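# Summary of structural features
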Amino acid sequence: MRTITIKPQALTHNLNQVKKRAPTAKILAMVKANAYGHGVKAVLPALQQADGIGVATLIEALEARDLGWNKMIGLIEGVFNQAEWQQAIDNDLSCVIHHYPQLEWALDNVPAIANQARQVWLKYNTGMNRLGFNEQTILDAAQRLHDAGYRMILTTHFANADDVDHPLNTIQKQRFADMLARLRDTVSQDVQGSLCNSAGLVNFPDSHYDWVRPGIMLYGSSPIKNTSANELNLQPAMDFSAQIMALQTIKVGDAIGYGSHWIAQQETRTALVSIGYGDGYPRILDKNAYVSVIDESSKQSYPCPVRGRVAMDMIVIDISSTPTTLALNSKVILWGSVPHVDEVANHAGTIGYELLCRLSTRPVRTQTSSLE
Ligand SMILES: *Cc1c(COP(=O)(O)O)cnc(C)c1O
């Protein structure tokens, strides 16, 4: 069976790591893209101690409300039209407002005081150059929102927080600090601030402000360049596994899989594993990519390199290092503790975020009980 196992214990542990690093800030736990592929329904129970959750789309927000989340939901791209603004109000969502059309929808239709939609995230472009008002327009936007009765969280997003020495970090921090001070001076003392994603909250403890917005670190991946999740005391919240479906011995000169591009230099014991890109395992891997095979009789784990092309439904691995008694249906870990998803991502020329988000619906999803 192809299985994605979610570990609520690890999620809670990682959330506590966020709390340790940012003890005074509120936490907006990012659960966009189906909780980075982990499944919103599977992760919400473990994130109850967060102050709010962040999603990218209205559909994601409504799903979380349906699951019973009644604290803040931050909608990080805001709404796309007037009708969606009404839906945001009806469902108590706290929207980002990043440009004038959204501002106009908000001014045309101001929610009741008790509604969480009365609190908006005002987006400031400090150097990422994607979304946000600029230095010239943001004071006007903030003043009009304030006059209409909105409470505001000034927000921006780092472009290079994973790289602590990147010069843009200092610039973004300074622009943010300056603008927050100006808004508090000229518009309202109550304007709050939110700057940091996972990498920012680890690298810039002086910039936590009122809300931090961790995503990837909650799931146990490292947000920092050249620093492992383990070094940051983060635990992977997902175990992605499959099973050995056949055993083979390949003769010298024999080739494996599509394109026949891996050729045995010596007689090699191989195993077929029932996993492929149809499940979300990456097709593009370098020659050092490996999986862990668990020998049931000894409970030992063996690293086994992937050989030949990854296909839609299966891969071939070299099991030379395992005991010759290795059984059919032995468990194979694609990622989890070893290898970590960040390591697999390195071998695939991408980041853990992408591998997690692009898992398909085919693997069976399950979770460990909270006592494990
Ligand atoms: C996705 C996202 C985050 C979380 O980023 P991580 O790198 O996963 O911690 C924070 N803020 C915004 C606006 C985002 O879009």
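Residues numbered from 1 in each chain as written. Predicted model: local features only at pLDDT ≥ 70, side-chain atom pairs only at ≥ 80, totals over all residues. Heavy atoms only, no water.

## Quick look at the pairing of strand S17 (residues 331-335)
Taking burial as the measure, the five residues of S17 include four buried ones, the bulk of the element. Relative to S17, strand S14 (residues 290-295) runs antiparallel, the two sharing two bridges. In the strand pairing of S17, Ser292 is matched with Ile333. (Buried < 20%, exposed > 50% of the residue type's maximum accessible area, 1.4 Å probe, protein only. Helix = DSSP H or I, 4+ residues; strand = E, 2+ residues; numbered from the N terminus. Pairing = 2+ DSSP bridges.)

## Describing the UniProt feature "binding site: substrate" (unreviewed entry) in the protein chain
Per the UniProt record, "binding site: substrate" (unreviewed entry) is found at Arg130 and Met312. In three dimensions, the annotated residues from a span of 183 residues occupy distinct locations, with a maximal C-alpha spread of 35.0 Å. Looking at the secondary structure, you find Arg130 in the loop between strand S6 (119-123) and helix H7 (138-147). Positionally, Met312 belongs in the loop between strand S15 (300-307) and strand S16 (315-318). The partly exposed category is assigned to Met312, whose relative accessible area is 44%. If near-sequence neighbours (up to four positions away) are discounted, Met312 is found in contact with Gly276, Tyr277, Gly278, Asp279 and Arg362. (UniProt positions renumbered as here; feature names shortened; annotations may be inferred. Contact = heavy atoms within 4.5 Å.)

## Some thoughts on the site of the ligand
Around the ligand, the neighbouring residues are Met30, Lys32, Tyr36, Ile76, His157, Asn197, Ser198, Arg213, Pro214, Gly215, Ile216 and Tyr353. At a separation of 2.9 Å, an oxygen atom of the ligand approaches a polar backbone atom of Gly215. In isolation the ligand offers 390 Å² of accessible surface; the protein chains occlude 92% of this area. Looking at the shell around the ligand residue by residue, the classes come out as six nonpolar, four polar and two charged. (Near = heavy atom within 4 Å. Polar contact = N/O pair within 3.5 Å; in protein donor to acceptor, adjacent residues only side chain to side chain. Areas by Shrake-Rupley, 256 points an atom, 1.4 Å probe, with all protein chains shown as cover. Nonpolar A, V, L, I, M, F, W, Y, C, P; charged D, E, K, R; others polar.)

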